[in-house]
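# Tertiary structure, described
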Amino acid sequence: MERRSFCISAAAFVAAIQSPASYGASNMNRRAINPSKTGWAHGHEVSNPSRILFISGQVPEASDGTVPKDFKAQCRLAWANVEKQLVAADMTLNNIAKMTIFLSDRRYIQEAYEVRAEVLGKNTVPPAMTILIAGIYDEAWLLEIEVIAVA
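What comes next concerns the included structure.

So, how was this worked out
Residues numbered from 1 in each chain as written. Predicted model: local features only at pLDDT ≥ 70, side-chain atom pairs only at ≥ 80, totals over all residues. Heavy atoms only, no water. Phe/Tyr/Trp six-rings, centres within 6.5 Å; stacked < 30°, edge-to-face > 60°. Helix = DSSP H or I, 4+ residues; strand = E, 2+ residues; numbered from the N terminus. Buried < 20%, exposed > 50% of the residue type's maximum accessible area, 1.4 Å probe, protein only. Pairing = 2+ DSSP bridges. Expected span 1.5 Å × (residues − 1). Contact = heavy atoms within 4.5 Å. Polar contact = N/O pair within 3.5 Å; in protein donor to acceptor, adjacent residues only side chain to side chain.

## A word on the packing of aromatic side chains
Counted according to the given criterion, the structure contains two aromatic pairs. On the basis of an interplanar angle of 5 degrees and a centroid distance of 4.4 Å, the ring pair of Phe71 and Tyr108 is categorised as stacked. Of the two residues, Phe71 is situated in helix 2 (residues 71-88) and Tyr108 in the loop between strand 4 (96-103) and helix 3 (109-120); the sequence distance between them amounts to 37 residues. Summarising the burial analysis for this pair, Phe71 and Tyr108 share the class buried.

## Side note on the pairing of strand 6 (residues 143-150)
Counting buried positions along strand 6 gives six out of eight residues, so the element sits mostly inside the fold. Bridge count for strand 4 against strand 6 is seven bridges, and the pairing is antiparallel. Bridge pairing in strand 6 links Thr100 to Glu146.

## Comments concerning helix 2
Counted at 1.5 Å a residue, the expected span for helix 2 with its 18 residues is 26 Å, and the 26 Å between its end C-alpha atoms agrees. Looking at the buried positions of helix 2, the neighbouring elements they touch are strand 3 (52-58), strand 4, helix 3 and strand 6. Near the N-terminus of helix 2, the side chain that reaches the backbone nitrogen of Lys72, with its oxygen 3.2 Å away, is that of Asp70. Backbone geometry just after helix 2 places Asp90 at a positive phi near 55 degrees.

Right under this line is the structure:
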């Protein structure tokens, strides 16, 4: 009898946390730790989130497989691909708590900053960020963007 009652309680708990009605029920608080002047923070504290979304690295490839040649166009497309994943989870760019940007070459740092500022604007709470210079999986891709978002 106790086991059955636990199973029903566990099922009710899972249903409750997965219910869209529970998404806004959180008393979530966020704050930037040592924010920079350029739209990111050294830390991003989140307390009481109701959902956490981990977005795999998004690349500058359109749904038809095309990849722009220009870095800024690639950067905008990678951010658009991030935004598509956020929208699919009923979130926006303002839900980003942490971003990791992989650049194929450090010469793209300034352009990546410019596009990031253009896309993110003034987030209410600046996300934490890491930038890495790395060999990207496909040589046509000049960057990849990975994100953790909270709601």
